[in-house]
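Structural description and commentary
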Amino acid sequence: GQCRKTPVTLLVLGMAGSGKTTFVQQCVSHLQSQSPKGKCPAYVMNLDPAVMHMPYDAHIDIRDTVNYKKLMSEYKLGPNGGLMTAVNLFATQFDQVIDICEKRFNPNPNGNGSKEGQHLKQEEEQQEQQLPPDQ
């Protein structure tokens, strides 16, 4: 099997305790089992700044760039205000996240072999490190 030419995006929203993490865990597990020899892995992002534990790895995790509890303390916000501020701060840099995802999905647009893919992987890691620092 070949990888898809265009990515499938799944955005999971729901109330606390509704099963979002369990659902995404099952999706990631299924996609990993269906990937031909690991060549088309799922690319996972966590956009929940308050999640305590994820039973799967995220390639991009909002918690690496913003700390909602720190925001609550610094700006005297309640939990909802802290979460909304964290998401808003992350959103100001979301164009970088999209660039990372686009390069990840299409790492070899010019057919330059695996060196190009390795170069983009390194560039992706550098871009991930450039997302906004902990606020």
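Above this text is the structure in question.
Residues numbered from 1 in each chain as written. Predicted model: local features only at pLDDT ≥ 70, side-chain atom pairs only at ≥ 80, totals over all residues. Heavy atoms only, no water.

Within a pair of aromatic rings, the relevant descriptors are the distance that separates the centres and the angle that separates the planes. What the rule picks out here adds up to 1 aromatic pair. Judged by centre distance (6.0 Å) and plane angle (70°), the ring pair of Phe90 and Phe94 falls under edge-to-face. The exposure class assigned to Phe94 is partly exposed, which follows from its relative accessible area of 27%. (Phe/Tyr/Trp six-rings, centres within 6.5 Å; stacked < 30°, edge-to-face > 60°. Buried < 20%, exposed > 50% of the residue type's maximum accessible area, 1.4 Å probe, protein only.)

The next point concerns the environment of Val12. Along the chain, Val12 falls in the segment before α1 (20-34). Residue Val12 is classed as partly exposed on the basis of its relative accessible area of 24%. Non-local contacts of Val12, meaning those with residues more than four positions away in its chain, are made with Lys20, Phe23 and Val24. (Helix = DSSP H or I, 4+ residues; strand = E, 2+ residues; numbered from the N terminus. Contact = heavy atoms within 4.5 Å.)

Ile60, Ile62, Val66, Tyr68, Leu71, Ala86, Phe90, Val97 and Ile100 together form the largest nonpolar core, which totals 9 residues. Within the residue set of this core, elements represented by two or more residues are α2 (68-75), α3 (79-91) and α4 (94-105). Grouped together as the second largest cluster of nonpolar side chains are 7 residues, Val24, Val44, Val51 and Met54 included. (Core = buried A, V, L, I, M, F, W, Y, C linked by side-chain atoms within 4.5 Å.)

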